[in-house]
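Commentary on secondary and tertiary structure
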Amino acid sequence: MNETDRTSDGHGNLYVRGGDAASGPYRTVITPRSAGWGYSGLRILELAPGESRTLATGDAEHLVLPLAGGCTVEAAGERLALAGRDGVFGAPTDFAYVPRDAEVRIASPGGGRFALPSARCERRLPVRYGPAEDVPVELRGAGTCSREVHNYCLPQTFDADRLLVCEVLTPGGNWSSYPPHKHDEARAGEESELEEIYYFEVADGPDGGPGMAYQRVYGTAERPLEVLAEVRSGDTVLIPHGWHGPSMAVPGYDLYYLNVMAGPGAERAWLICDDPAHGWIRSTWDDQETDPRLPFGGGTR
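Values in this document were obtained by computation on a predicted structure and should not be read as measured data. (Residues numbered from 1 in each chain as written. Predicted model: local features only at pLDDT ≥ 70, side-chain atom pairs only at ≥ 80, totals over all residues. Heavy atoms only, no water.)

The subject of this paragraph is the side chain of His-244. If you trace the backbone, His-244 turns up in strand β22 (residues 243–249). Polar contacts involving the side chain of His-244 include one to the side chain of His-183, which spans 3.2 Å. Those residues in contact with His-244 that sit more than four places away from it in its chain are Ser-177, Pro-180, His-181, Lys-182, His-183, Glu-196, Tyr-198, Gln-215, Arg-216, Val-217 and Ile-239. (Helix = DSSP H or I, 4+ residues; strand = E, 2+ residues; numbered from the N terminus. Polar contact = N/O pair within 3.5 Å; in protein donor to acceptor, adjacent residues only side chain to side chain. Contact = heavy atoms within 4.5 Å.)

A separate point is the pattern of salt bridges. One pass over the full model with this rule turns up 19 salt bridges. For Glu-46, the salt bridge is made with Arg-27, and the minimal N-O distance between the two is 3.1 Å. With Glu-46 in strand β3 (residues 40–47) and Arg-27 in strand β2 (residues 26–30), this pair connects stretches of sequence that are 19 residues apart. Relative accessible area serves as the criterion here: at 35%, Glu-46 is assigned to the partly exposed category. Given a relative accessible area of 26%, Arg-27 falls into the partly exposed group. Note that Glu-201 is salt-bridged to Arg-113, the shortest N-O span being 2.9 Å. Of this pair, Glu-201 sits in strand β18 (residues 195–202) while Arg-113 sits in strand β9 (residues 112–120), and the two are 88 residues apart along the sequence. What you see here is one network of salt bridges that share partners, running through Lys-182, Asp-184, Glu-185, Arg-187, Glu-190 and Glu-191. (Salt bridge = Lys/Arg side-chain N within 4 Å of Asp/Glu carboxyl O. Buried < 20%, exposed > 50% of the residue type's maximum accessible area, 1.4 Å probe, protein only.)

The subject of this paragraph is the environment of Tyr-218. Within the secondary structure, Tyr-218 is located in strand β19 (residues 213–218). Setting aside chain neighbours within four positions, we find Tyr-218 in contact with Pro-180, Leu-225, Glu-226, Gly-242, Trp-243, Gly-245, Asp-275 and His-278. Within the structure, Tyr-218 has its side chain in polar contact with the side chain of Asp-275 (distance 2.5 Å).

Take a look at the structure:
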């Protein structure tokens, strides 16, 4: 996909089918320019066994976050070994942070698939390793709104300049990213201004057939937009502004999504506000149990 194909003042097509944003070894390439905004980016890198790839981070800090498989990461004179994981439907993975203005080499003896979330930034922080056991696991919601959140790179979990990254695992039949919420205005102590990328993977069915899910995004009266997309593994949805949710995991197919956020605020914060029409849903969780299928990775955190 040519980067200029997606730019418009309406942010173009906010649903990007898997493969439509492919470039070379990258299954997905979303840049601030291609998204029509200022900060958030994502690459999905696929490596065959024994293969490696070198990239320049430019003006953006990155994570190297294994989706499937392990790898080594070399940058700024440091070499980190990531054990990775078999796939996304389990416990959190370890990960690497690499700064802006660096050349990064990623090599995978066994092959794998790696997410490279990024954010344009000003500060150049050091290369660091994020152990899997240090990633906070949160069971959010209750009943059919139960989901599991792995908080990799949020203000209270891992230091970065602008980048915010988490992943959400939702059992089939449940509603996630719900009630609908937004973060597109800077309001001190109440809401942050953040662009967001959702990258999806959906579990296959018992016969190996591909699973599916749905994603809803809608705007305000002042800034309208409309997305209701059937999503499958490898798809992305871009959220420049507006209410987002629910993410709907259809019965029989567990849903995974990676959230990448960044914005212009001087303070690195993730503050949201619920759609007033639906925020009451949270009060219904008080007398409901968490879905017993969670956590996916076994055990409790």
